[in-house]
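Close look at the chain arrangement
Okay, here's what each chain looks like letter by letter:
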Amino acid sequence: MKYYTNQHIGIKFPLQGLEINKDEEGWLVLTHPSEEAFLSIQFCFQFFASLEEIEEYIQKEIQLVADANNLVQFTKTERKGNDTVTASYFQYIENISHFVFIGVKQLTNNSGYWYMAVTKDEAMSEFCESIFLNTQIIEPSAIGVPDKVTGNKLNNHTLKFLQSYNSNWGSGGGTSTEKDFTLQPDRTFRYNYNSVVSLGSPGGNTSQDNGWGFWEIQKNNEGSFLVLSWHLKGLSVYSIQWDEPGVLFLDGEKYLID
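Values in this document were obtained by computation on a predicted structure and should not be read as measured data.

**Examining the overall build of the chain**
Looking only at helices and strands, one finds three helices and 20 strands in the chain. Each of the three principal axes of the chain carries a C-alpha extent, and together these read 60 × 50 × 35 Å. A total of 258 residues make up the chain; the buried ones form 39% of that total. Accessible area for the chain stands at about 14,200 Å²; split by element, carbon and sulfur atoms hold 46% of it.

Below you can see the structure in the form of structure tokens.
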């Protein structure tokens, strides 16, 4: 039997006779070999403290669909055992009704994975839940082995991006970017981002973002890497190069170790 494996998240599942059409940007598109039917699925890291918190999050996601007037029909939310929550509903996507299945599996230390399956084809709807329930946990592997020495150097520190302002003399404006990663002792991280684009008179715009997840330092024969497992997102890997004391580069960007 053929399997699909995602080594970063640490999961694999049997393809059950389906074929892989596309695998990019976090989405895996599966197709039925005997029909022109497609199924899009996504696995993400997730970190929830309880099943109640999972259920609340799912309800908020469905409410966002309803608020956008795209909810066709809500089917159900249910628990399976003491570590799993599933939900399903129908949603308009580009004015076509799609079946959506959500599954959340809680593992140890509040970690786990979030799964979403979307299809407009009835022939693929049976695979939405089946793939989730047949998914197996494997040992995740991102870059290499843990780098405890570098990890201890960065533990309980904030990495602050060293770029404050770029001027655009022609228009009288410029850009100001602030972002940082706080690497906490419990191996969680917090990310903050703020960018202000000034166009001069009459104005500009501001962009903000934040996130969190788990961090780890890994190494291989090419060097050390900061590995970030984002909550309900994918995996980010940044190469680490040391500069003067108290300063390092993440993928070529300069950060102050605070």
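What follows continues from the structure just given.
**Topic: the sheet that holds strand S10 (residues 136-137)**
As summarised here, the arrangement of the three strands in space is S1-S2-S10, forming an open sheet in which the pairing is antiparallel. At either end of the open sheet lies a strand with only one pairing partner, and these are strand S1 (3-6) and S10. For strand S2 (residues 11-14) and S10, the ladder comprises two bridges, and the chain directions are antiparallel. Following the sheet pairing, Ile11 is matched in S10 by Ile137.

**Points about the packing of aromatic side chains**
Scanning all chains against the criterion turns up 19 aromatic pairs. Pairing Tyr113 with Phe132 gives two aromatic rings, centres 6.1 Å apart and planes at 70 degrees, and the pair type is edge-to-face. You can see Tyr113 sitting in strand S9 (residues 111-119) and its partner Phe132 sitting in helix H2 (residues 122-133), a full 19 residues away along the chain. Using a relative accessible area of 3% as the deciding quantity, one classes Phe132 as buried. Residues Phe189 and Trp230 carry aromatic rings whose centres are separated by 4.9 Å and whose planes lie at 85 degrees to one another, so their mutual orientation is edge-to-face. In this pair, Phe189 is assigned in strand S15 (residues 188-198) and Trp230 in strand S17 (residues 223-230), connecting sequence segments 41 residues apart. The pair formed by Phe189 and Trp230 is uniform in burial state, with each residue classed as buried. By way of ring pairs, the aromatic residues Tyr4, Phe13, Phe43, Phe101, Tyr113, Tyr115 and Phe132 are connected into one cluster. The ring centre of Trp242 lies 5.2 Å from the NZ or CZ of Lys153, which sits over that ring. Geometry around Phe161 places Lys179 over its ring, the cationic atom sitting 4.7 Å from the centre.

**Let's talk about the sheet that holds strand S6 (residues 71-80)**
Pairing is antiparallel across the open sheet formed by seven strands, whose spatial order is S3-S4-S5-S9-S8-S7-S6. Strand pairing shows two members of the sheet lacking a second neighbour, strand S3 (19-24) and S6, which therefore form its edges. Each adjacent strand pair in this sheet contributes to an overall mean axis angle of 20 degrees, direction not counted. Here S3 runs beside strand S4 (residues 27-31); their pairing, made up of five bridges, is antiparallel. Among the inter-strand pairings, Glu24 is bridged to a residue of S4, identified as Trp27. Together, S6, strand S7 (84-93), strand S8 (96-106) and S9 form the strand contacts of helix H1 (residues 51-67), whose direction differs from that of S6 by roughly 175 degrees. The strands that H2 touches are S4, strand S5 (38-47), S6, S7, S8 and S9; relative to S9, the one it contacts most, it runs at about 170 degrees.

Parameters at a glance
- Residues numbered from 1 in each chain as written.
- Predicted model: local features only at pLDDT ≥ 70, side-chain atom pairs only at ≥ 80, totals over all residues.
- Heavy atoms only, no water.
- Helix = DSSP H or I, 4+ residues; strand = E, 2+ residues; numbered from the N terminus.
- Buried < 20%, exposed > 50% of the residue type's maximum accessible area, 1.4 Å probe, protein only.
- Areas by Shrake-Rupley, 256 points an atom, 1.4 Å probe, with all protein chains shown as cover.
- Pairing = 2+ DSSP bridges.
- Phe/Tyr/Trp six-rings, centres within 6.5 Å; stacked < 30°, edge-to-face > 60°.
- Lys NZ or Arg CZ within 6 Å of the ring centre and 35° of its normal.
- Axes fitted to C-alpha atoms, helices over the stretch in contact; angles between N-to-C directions.
- Contact = heavy atoms within 4.5 Å.

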